[in-house]
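One letter stands for each residue in the lines below.
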Amino acid sequence: MLKTNCPTCDAQVTLPKNTEESEIISCSECHTRLVVTSLKRNNPTLEEAPKVEEDWGE
Amino acid sequence: MITIGLLHSTIRGDEKLIIEAAKKRDVKIKLIDVREEIFNRKTYRCDFDVALERCVSTVKGKHATYFYESLNIPVINNSSVTTICEDKFVTSLMLQKANVPTPDFAMVFNADQAQQAIKQIGGFPTVIKPPLGSWGRLLAKVNDIDALETILEHKDVLGSPHQKSFYIQKYIKKPGRDIRSFVIDGVTICAIYRDSPHWITNTARGGVATNCPVTKELSKISKKASDAVGGGILSMDVFETEEGLQINEINHTTEFKNSEKPTGVSISGAIIDYCIKTAKNL
């Protein structure tokens with residue numbers, strides 16, 4: 001499983017198997033919602049997830 | 001092999017289930033983050049057979065849908081269904097026009113008309129909703145004229161243009177729950193109860209999902225509502241009233257991740273199967 005660090009609290013974040021780019025995950029330490037911005041070259045990158053916008057939904 | 005273009009922005013648990021369901025079938029999924037695309041008809045090259053629109057952003061999803069349709073790629077759901085279902089007022093109009101039982105409603109643009117409309121649909125309490133919106137956001141149960149004036153003034157001063165169109169709906173007293181039926185190609189494949197002590201029962205707001213038997217009445221009203229808006233992959237929010245079932249709202253990019261377990265039905269599998277069927281009928 002791929003590992004990286006939380007951009008908010010720097011804790012180690014382990015990405016579950018089958019994680020996809022653009023997937024939303026949570027940091028287990030600070031509970032910040034994070035988005036997987038890249039999985040290229042087995043070097044995952046994370047950013048804080050975008051806030052819910054007015055037109056979001058189903 | 002059929003390739004489905006899965007149009008998305010953020011990947012939710014629902015999209016993960018769809019990807020997993022595709023892996024179990026003879027079908028390829030191409031993930032397309034619409035935020036990364038350049039929708040230029042003169043340069044765009046399409047390498048999939050059918051598109052499944054699953055964007056969490058309604059606006060981006062609709063624009064992507066129109067774009068792929070312009071390239072003669074079928075999109076599920078199509079732009080006509082999307083345009084109806086994204087707007088609660090338009091949905092209600094289509095339901096009422098097709099004689100599908102639905103709570104009384106009206107649209108107004110100022111406070112004086114709002115007072116008259118509320119009288120027409122049965123008085124207080126009433127519900128005011130933004131025509132565009134989801135997950136129970138900014139719904140207001142309005143109990144009296146004072147609350148009405150306050151809410152409308154706030155919307156008028158603070159709101160975007162969409163918030164200045166006041167969709168007013170008769171308040172329906174629910175038995176602590178409502179029903180969500182999942183309807184694909186007019187067939188109700190399963191349904192859940194959404195239990196909540198709060199009058200807003202969305203699972204996104206804490207409503208608890210349990211299996212709801214698919215009765216003849218539920219199948220019939222769901223089919224009729226599906227036909228009224230153009231079919232495809234839909235979910236219906238259904239109220240149980242003394243007069244029978246009523247369709248409240250219809251979702252065109254339905255979330256279902258909390259519903260597969262209680263119903264025991266692979267909604268994601270049914271979605272993929274419908275995409276395959278659509279692609280084979282081209």
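Below is a summary of the structure that appears in this document.

Calculation rules
- Residues numbered from 1 in each chain as written.
- Chains lettered and ligands numbered in written order.
- Predicted model: local features only at pLDDT ≥ 70, side-chain atom pairs only at ≥ 80, totals over all residues.
- Heavy atoms only, no water.
- Core = buried A, V, L, I, M, F, W, Y, C linked by side-chain atoms within 4.5 Å.
- Buried < 20%, exposed > 50% of the residue type's maximum accessible area, 1.4 Å probe, protein only.
- Helix = DSSP H or I, 4+ residues; strand = E, 2+ residues; numbered from the N terminus.
- Contact = heavy atoms within 4.5 Å.
- Pairing = 2+ DSSP bridges.
- Axes fitted to C-alpha atoms, helices over the stretch in contact; angles between N-to-C directions.
- Lys, Arg positive; Asp, Glu negative; His and termini not counted.
- Salt bridge = Lys/Arg side-chain N within 4 Å of Asp/Glu carboxyl O.
- Buried area = accessible area lost by both parts, 1.4 Å probe.
- Polar contact = N/O pair within 3.5 Å; in protein donor to acceptor, adjacent residues only side chain to side chain.

## Considerations on the nonpolar core
Residues and elements named next belong to chain B.
Thought 1: Of all hydrophobic cores here, the largest spans 26 residues; its most connected members are Ile4, Leu52, Ile271 and Ile272.
Thought 2: Mapped by element, the contributors of at least two residues to this core are strand E1 (2–8), helix H1 (13–23), strand E3 (50–53), strand E9 (177–184), strand E10 (187–195) and helix H9 (267–280).
Thought 3: No other element matches H9, which puts 8 residues into this core.
Thought 4: Sequence-distant contacts of Leu52, that is, excluding residues within four places in its chain, are made with Ile4, Gly5, Leu6, Leu7, Ile18, Ile76, Ile233, Ile271 and Cys275.
Thought 5: Core analysis: the second largest hydrophobic core is formed by 21 residues, Tyr193, Val229, Leu234 and Val238 among them.

## Comments concerning the sheet that holds E9 of chain B
All names here are of chain B.
Thought 1: Strand order across the open sheet formed by 5 strands is E11-E10-E9-E12-E13, with antiparallel pairing between neighbours. A single partner strand is all that each edge strand has here, and the edge strands are strand E11 (208–211) and strand E13 (244–251). Shown here is a sheet whose adjacent strand axes are inclined to one another by a mean of 35°, direction ignored.
Thought 2: Pairing between E9 and strand E12 (residues 233–241): 6 bridges, direction antiparallel. Across the sheet, Phe182 pairs through a bridge with Ser235, a residue of E12.
Thought 3: Across the sheet, helix H7 (residues 216–229) is in contact with E9, E10, E12 and E13; its angle to E13 comes to roughly 40°.

## Some remarks on the side chain of Lys155 of chain B
Thought 1: Relative to the helices and strands, Lys155 of chain B resides in helix H6 (residues 145–158).
Thought 2: Of the side chains with opposite charge, Glu54 of chain A lies nearest to the buried Lys155 of chain B, which makes no salt bridge, at 8.4 Å.

## Digging into the interface of chain B and chain A
Note on interface size: it is often stated as the accessible area lost on association of the parts.
Thought 1: Listed as interface residues are 31 residues of chain B and, on the opposing side, 15 residues of chain A.
Thought 2: Both sides of the chain B and chain A interface together cover about 1700 Å² of buried area, and 43% of this is carbon and sulfur.
Thought 3: Contact with chain A buries area across many residues of chain B, yet Thr10, Ile11 and Lys16 of chain B alone supply 27% of it, more than any other trio.
Thought 4: Put simply, chain B and chain A have 2 salt bridges between them.
Thought 5: In this assembly, chain B and chain A are joined by 18 residue pairs in polar contact (both at pLDDT 80 or more).
Thought 6: Of all elements in the fold, only H1, strand E2 (27–33) and helix H2 (58–70) of chain B reach the threshold of two or more residues within the side of chain B that touches chain A.
Thought 7: In terms of residue count, H1 of chain B provides more of the side of chain B that touches chain A than any other element does, 4 residues in total.

## Quick notes on the pattern of salt bridges
Oppositely charged side chains may form a pair once their charged atoms are brought near each other.
Thought 1: Under the criterion given, the structure shown has 20 salt bridges over all chains.
Thought 2: Among the salt bridges present, the one from Glu249 of chain B reaches Lys129 of chain B, with a minimum N-O distance of 2.7 Å. Of the two residues, Glu249 of chain B is situated in strand E13 and Lys129 of chain B in strand E6 (residues 126–129); the sequence distance between them amounts to 120 residues. Lys129 of chain B matches Glu249 of chain B in its accessibility class, with the two residues each being buried.
Thought 3: Residues joined in a network through salt bridges with shared partners are Glu58 of chain A together with Asp178, Arg180, Arg194 and Asp237 of chain B.

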